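Structural features, examined
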Amino acid sequence: MSTSSTTNAGATQINQTRLKRELSTLGLTSNPSTPPTKPCETLPRDITVLCYKEIHKEGGEEGEEGGIAVLFSLKTYRRPSMASQTPSQTQSQIEIIITCQVPPTYPFDPPIITLSAPPGVINGYHPNSVVPLSLHWTPSLTLTNAVVDVGVRVKESVISGESITASPDSDCFYPSSSPPS
């Protein structure tokens, strides 16, 4: 076995151990279909962990991993528009599913985050668009950092009614008041 393949195998083992620790911190077990048994204390109370699933590369060899996806639920409220508001209308609760896809190269590459939301909840959002992180990704950051970053920005956009528009250069989207740098 060559030195580079031994080094890569060691790095992969370290990365997998770190990911297992992070999943454990989120309350997830080694069984992907088992939901967490208790709320995660490292997340804000409006973001909960649902489950995770393994992803296999398309066209990849049998057993070749494509990473995992961790699903989170973000619960927020949306105010009715002033034009349609009647005295009996109140804020309505909305659930947005945040999918955090962890690539095999994690933590050196950031997770890929997409959203599932009811139609019209996030103005200008295109389903399955990648949500960019506003923080500069480094290997010292965690899945929790990434999900909180996106969750807070999405919640603020939904509550304020701020439009989210597609980036002209990619499939990513960003709040219209803060274009990418």
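Residues numbered from 1 in each chain as written. Predicted model: local features only at pLDDT ≥ 70, side-chain atom pairs only at ≥ 80, totals over all residues. Heavy atoms only, no water.

What follows covers the overall build of the protein. A tally of regular secondary structure across the protein gives 2 helices and 6 strands. Counting from the amino terminus, the protein carries its helices and strands in the arrangement α-β-β-β-β-α-β-β. The buried share among the 181 residues of the protein stands at 35%. Here the contacts in the protein between residues at least 6 apart in sequence split such that 48% fall between residues at least 24 apart. Accessible surface for the protein amounts to roughly 10,900 Å². Of this, 54% is attributable to carbon and sulfur atoms. (Helix = DSSP H or I, 4+ residues; strand = E, 2+ residues; numbered from the N terminus. Buried < 20%, exposed > 50% of the residue type's maximum accessible area, 1.4 Å probe, protein only. Contact = heavy atoms within 4.5 Å. Areas by Shrake-Rupley, 256 points an atom, 1.4 Å probe, with all protein chains shown as cover.)

Below, the discussion takes up the pattern of salt bridges. Evaluation of the coordinates by the stated rule reveals 3 salt bridges. Among the ionic pairs, Asp46 bridges to Lys155, the shortest N-O distance being 2.5 Å. Of this pair, Asp46 sits in the loop between helix H1 (3-25) and strand S1 (47-56) while Lys155 sits in helix H2 (residues 143-160), and the two are 109 residues apart along the sequence. With relative accessibility at 19%, the residue Asp46 sits in the buried group. (Salt bridge = Lys/Arg side-chain N within 4 Å of Asp/Glu carboxyl O.)

Bringing the side chain of Thr114 into the picture now. Topologically, Thr114 is positioned in strand S4 (residues 112-116). Apart from the residues within four sequence positions on either side, Thr114 is in contact with Ile97, Ile98, Thr99, Tyr125, Asn128, Ser129, Val130 and Val131.

Next up on the list: H2. End to end, H2 covers 26 Å across 18 residues, agreeing with the expected 26 Å (1.5 Å per residue, within 8%). All buried positions along H2 are accounted for by Leu143, Thr144, Ala146, Val147, Asp149, Val150, Gly151, Arg153, Val154, Ser157 and Val158. Backbone geometry just after H2 places Gly161 at a positive phi near 75°. (Expected span 1.5 Å × (residues − 1).)

Attention now moves to the nonpolar core. With 34 residues, the main nonpolar core has Leu26, Val70, Phe72, Ile96 and Leu115 as its most contacted residues. If one sorts the elements of this core by residue count, H2 sits on top with 6 residues. Residue contacts for Ile96: discarding those within four places in its chain leaves Phe72, Ser73, Leu74, Thr76, Leu115, Ser116, Ala117, Val121, Ile122, Val154 and Val158. (Core = buried A, V, L, I, M, F, W, Y, C linked by side-chain atoms within 4.5 Å.)

As a further point, take the packing of aromatic side chains. Evaluation of the coordinates by the stated rule reveals 1 aromatic pair. On the basis of an interplanar angle of 45° and a centroid distance of 6.0 Å, the ring pair of Tyr106 and Trp137 is categorised as tilted. In this pair, Tyr106 is assigned in the loop between strand S3 (92-102) and S4 and Trp137 in the loop between S4 and H2, connecting sequence segments 31 residues apart. (Phe/Tyr/Trp six-rings, centres within 6.5 Å; stacked < 30°, edge-to-face > 60°.)

So, on to the environment of Pro35. Tracing the backbone shows Pro35 in the loop between H1 and S1. As for Pro35 and Leu50, which are separated by 15 residues in sequence, their C-alpha atoms are 5.8 Å apart.

Take unusual backbone geometry next. Cis rather than trans, the peptide bond between Tyr106 and Pro107 has omega equal to 15°. By the element assignment, Pro107 lies in the loop between S3 and S4.

Once that is clear, we can look at the environment of Trp137. With a relative accessible area of 13%, Trp137 lands in the buried category. Through-space distance from the C-alpha of Trp137 to that of Pro107 is 9.0 Å; in sequence the pair is 30 residues apart. Discounting residues that sit within four places of it in the chain, Trp137 has contacts with Tyr106, Pro107, Phe108, Asp109, Pro110, Pro111, Thr142 and Ala146. A polar side-chain atom of Trp137 sits 2.9 Å from the main-chain carbonyl oxygen of Pro107. (Polar contact = N/O pair within 3.5 Å; in protein donor to acceptor, adjacent residues only side chain to side chain.)

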